[in-house]
Amino acid sequence: MPQIISDIDMEILAIIPARGGSKGILNKNIQNVGGIPLVVRTINAALKSKLINKIIVSTDDNRIADVAIDNGVEVIKRPSKISGDTASSELALLDTLMQIKNRDNYVPKIVVFLQCTSPFTELDDIDGTINALVSNDADCALAVTKFHHFLWKYDKNKDSLIGVNHDEKKQRKCRQELSTQYLETGSVYVMKTEEFIKYKK
């Protein structure tokens, strides 16, 4: 990981979307992992950041809102129309940005999107991803992990499995010989606010 810049002079806002409805695990975002609610684990990681200036939890759920406020961060209430199973995280981020711009005339330079469904996010994951965006003058950056595994997909025309990142017809390489690929961790996404609002993704 590159050296983390600790004195980036710009407004950086972290948004943690945490809706109340969850069909897989009831009240998922306030369920405990290691005795700490999921959303609180992400809040704690964000509070350790040396770069983030402001943290907001976007939620439609009063219980999640209370937990977030009790743990020292601001809450923006998310409209129910963008809180369902099919609502994208981007909509929650855009709604939060719109609300704070209308309310406070506040527009951060950078938005950090943190998923509370990734309970083991660490400080270096957050500040490292911010640093990657800033030091490369990129429009967006995301946390990834190196991926050295064989991927397969089903080809219905051949009624068989075929290799995605390898040729199954050739002699199989050692896993370590595969070209390095990168798997999204799903934990940290960082974007220039202006570009994100423009493209909405």
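Just so it is clear, the structure is predicted and the values come from calculations on it, not from any experiment. (Residues numbered from 1 in each chain as written. Predicted model: local features only at pLDDT ≥ 70, side-chain atom pairs only at ≥ 80, totals over all residues. Heavy atoms only, no water.)

**Concerning the overall build of the chain**
The helix and strand tally for the chain stands at 5 helices and 10 strands. In terms of its C-alpha atoms, the chain occupies a principal-axis envelope of roughly 60 × 40 × 35 Å. For the chain, with 201 residues in total, the buried portion stands at 41%. Within the chain, residue pairs in contact and separated by at least 24 positions form 69% of the contacts whose partners lie at least 6 positions apart. In the structure as shown, the chain presents an accessible area of about 11,900 Å², 49% of it carried by carbon and sulfur atoms. Averaging the coordinates of the 27 positive side-chain charges in the chain and doing the same for the 26 negative ones gives two points 6 Å apart. (Helix = DSSP H or I, 4+ residues; strand = E, 2+ residues; numbered from the N terminus. Buried < 20%, exposed > 50% of the residue type's maximum accessible area, 1.4 Å probe, protein only. Contact = heavy atoms within 4.5 Å. Areas by Shrake-Rupley, 256 points an atom, 1.4 Å probe, with all protein chains shown as cover. Lys, Arg positive; Asp, Glu negative; His and termini not counted. Charge placed at Lys NZ, Arg CZ, Asp CG, Glu CD.)

**Quick notes on a nonpolar patch on the surface**
A cluster of nonpolar residues, Leu142, Val144 and Tyr182, forms a patch on the protein surface that exposes about 280 Å² of accessible area. Tracing the backbone through its elements, the reader meets Tyr182 in strand β10 (residues 181-192). (Patch = residues over 30% accessible without salt bridge, like charges linked within 9 Å, V, L, I, M, F, W, Y side chains within 5 Å. Salt bridge = Lys/Arg side-chain N within 4 Å of Asp/Glu carboxyl O.)

**Some remarks on the packing of aromatic side chains**
Enumeration over the complete set of coordinates arrives at 1 aromatic pair. Sitting over the face of the ring of Tyr106, Lys54 holds its NZ or CZ atom 5.6 Å from the ring centroid. Seen from the ring of Phe150, Arg172 lies directly overhead, with NZ or CZ sitting 3.8 Å from the centre. (Phe/Tyr/Trp six-rings, centres within 6.5 Å; stacked < 30°, edge-to-face > 60°. Lys NZ or Arg CZ within 6 Å of the ring centre and 35° of its normal.)

**Overview of the pattern of salt bridges**
Taken as a whole, this structure holds 6 salt bridges when the rule is applied. Among the salt bridges present, the one from Arg63 reaches Asp61, with a minimum N-O distance of 3.0 Å. Since its relative accessible area comes to 11%, Asp61 is described here as buried. Residue Glu74 is joined to Arg103 by a salt bridge in which the shortest nitrogen-to-oxygen separation is 2.4 Å. Remark: Arg103 occurs in helix α3 (residues 89-104) and Glu74 occurs in strand β5 (residues 74-77); sequence separation between them is 29 residues. Three or more residues are tied together by salt bridges with common partners; here these are Lys54, Glu74, Arg103 and Asp104.

**Some points on the pairing of β10**
Across 5 bridges, the pairing between strand β6 (residues 110-114) and β10 is antiparallel. Across the sheet, Leu114 pairs through a bridge with Val188, a residue of β10. As paired strands, strand β7 (residues 140-147) and β10 are joined by 7 bridges and run antiparallel to one another. Looking at β10, one finds that Cys140 is bridged to Met191. (Pairing = 2+ DSSP bridges.)

**A short note on unusual backbone geometry**
Phi at Asn105 is positive, roughly 55°, even though this residue is not glycine. On the secondary structure map, Asn105 appears in the loop between α3 and β6. Residue Asn105 is classed as exposed on the basis of its relative accessible area, which comes to 65%. The phi angle at Asp159 is positive, at roughly 50°, despite the residue not being glycine. With respect to the secondary-structure elements, Asp159 resides in the loop between β8 (152-155) and β9 (160-163).

**What about the nonpolar core?**
Membership of the largest hydrophobic core comes to 30 residues, with the highest contact counts inside it found for Ile52, Val57, Val112 and Ile130. Put simply, the parts of the chain that give this core at least two residues each are β1 (12-17), α1 (38-47), β4 (54-59), α2 (62-70), β6, α4 (123-135), β7 and β10. The element best represented in this core is α1, accounting for 5 residues. Sequence-distant contacts of Ile130, that is, excluding residues within four places in its chain, are made with Ile8, Ile12, Leu51, Ile52, Val112 and Val190. (Core = buried A, V, L, I, M, F, W, Y, C linked by side-chain atoms within 4.5 Å.)

Function cannot be read off these values alone, since they describe shape.
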